[in-house]
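The residues making up each chain are set out below.
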Amino acid sequence: MKTLIIGIGNEYRGDDGVGRHVARRLAECNPPDVEIKESSGESFSLMELWANAPKVILIDAVQSGAEPGTVQRYDAGGQALPTEFVQQCSTHALSLPEVVELARSLEQLPPEVALYGIEGLSYEHGNTLTPTVARAAEETISRILTEISESKLDRKL
């Protein structure tokens with residue numbers, strides 16, 4: 001049973017690219033039984049990416065009002081994502097909570113969906129993460145690797 005990880009964002013809009021950054025760094029770790037992809041966050045391409053996946057981990061920049069660099073994990077499979085994740089400067093046509101709910105209503109949401117939302121600071125043009133968000137990206141990588149390891153351990157028990 002493979003876990004699908006999708007890094008979301010626009011790598012040319014500052015912290016909006018943090019999801020893709022995390023995905024690339026995770027790919028360097030080469031975790032077993034994991035498939036890693038990147039997405040701009042467009043609704044139907046996301047749903048196509050996760051079609052038939054048993055477990056999906058999404059990573060995206062968010063604007064929830066928390067301190068920049070805050071990492072929040074949400075279980076989107078069992079409940080709606082907080083609406084405050086809608087970015088005012090989002091590069092996505094639909095917000096991630098709207099995509100998840102659309103997929104749920106179309107019965108195309110995988111059984112397990114987790115979102116790691118990283119609070120962004122700057123969404124200006126450029127391909128550099130702010131130092132605060134870069135540190136949060138490293139924390140997110142560590143947390144996801146731990147989650148994957150624990151999930152494999154649970155399946156063996």
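Residues numbered from 1 in each chain as written. Predicted model: local features only at pLDDT ≥ 70, side-chain atom pairs only at ≥ 80, totals over all residues. Heavy atoms only, no water.

Asker: Would you mind showing me how to read the nonpolar core here?
Answerer: Note on soluble globular proteins: their nonpolar side chains tend to be buried together. In terms of nonpolar packing, the biggest core is built from 20 residues, with Ile-5, Val-18, Val-22, Leu-26, Ile-59, Ile-118 and Ile-144 touching the most fellow members. Elements represented by at least two residues in this core include exactly α1 (18-29), β3 (55-62), β5 (112-119) and α4 (131-156). Tallying contributions element by element places α4 first for this core, with six residues. Excluding residues within four positions of it along the chain, Ile-144 makes contact with Ile-5, Val-22, Leu-26, Ile-57, Ile-59 and Tyr-116. Formed by 19 residues, the second largest nonpolar core is a distinct cluster that contains Ile-6, Ile-8, Val-56 and Val-99. (Core = buried A, V, L, I, M, F, W, Y, C linked by side-chain atoms within 4.5 Å. Buried < 20%, exposed > 50% of the residue type's maximum accessible area, 1.4 Å probe, protein only. Helix = DSSP H or I, 4+ residues; strand = E, 2+ residues; numbered from the N terminus. Contact = heavy atoms within 4.5 Å.)

Asker: Can you help me understand the sheet that holds strand β2 (residues 34-39) in this one?
Answerer: For sheets, the rule is that strands pair by backbone hydrogen bonds, running either parallel or antiparallel. Here five strands make up an open sheet; going across it, the order is β2-β1-β3-β5-β4 and the pairing mixed. Bordering the open sheet on either side are β2 and β4 (71-75), each of which pairs with just one other strand. Strand-to-strand, the axes of this sheet are offset by a mean angle of 20°, without reference to chain direction. Here strand β1 (residues 3-8) runs beside β2; their pairing, made up of six bridges, is parallel. Across the sheet, residue Ile-6 finds its bridge partner in β2, namely Lys-37. Packing against the sheet, α1 makes contact with β1, β2, β3 and β5, and its axis sits at approximately 150° to β2. This element, helix α2 (residues 43-50), spans β1, β2 and β3 of the sheet and lies at about 160° to β1. (Pairing = 2+ DSSP bridges. Axes fitted to C-alpha atoms, helices over the stretch in contact; angles between N-to-C directions.)

Asker: Just to check I follow, could you spell out the packing of α2 against helix α3 (residues 96-105) for this structure?
Answerer: Two quantities define a packed helix pair, namely the angle between the axes and the distance from one axis to the other. At a minimum axis separation of 10 Å, α2 and α3 run at an interaxial angle of 55°. One way to sum up the angle between α2 and α3 is to call them oblique. Note on packing geometry: the crossing formed by α2 with α3 is right-handed. The segment α2 lies against α3, with Ser-43, Phe-44, Leu-46, Met-47 and Trp-50 engaging Leu-96, Val-99, Leu-102 and Ala-103. Of the residues assigned to the contact of α2 with α3, the class counts are eight nonpolar, one polar and no charged. (Parallel < 35°, antiparallel > 145°, perpendicular 65-115°, else oblique. Left-handed = near helix turned anticlockwise from the far one by under 90°. Nonpolar A, V, L, I, M, F, W, Y, C, P; charged D, E, K, R; others polar.)

Asker: Honestly, α2 in this entry has me stumped. Any pointers?
Answerer: Side chains three or four residues apart in an α-helix point the same way, a direct result of the helix having 3.6 residues per turn. Within the span of α2, buried status applies to Ser-43, Leu-46, Met-47 and Trp-50. An end-on view of α2 places all buried positions within 95° of arc, on one side of the element. Turned more than 90 degrees off the buried face of α2, the exposed positions are Phe-44 and Glu-48. Where α2 is buried, its residues touch β1, β2, β3 and α3. With a side-chain oxygen positioned 3.3 Å from the backbone nitrogen of Phe-44, the residue opening α2 is Glu-42. Positioned one or two residues after α2, Asn-52 has a phi angle of 70°, which is positive. (Arc of directions from axis to C-beta. Polar contact = N/O pair within 3.5 Å; in protein donor to acceptor, adjacent residues only side chain to side chain.)

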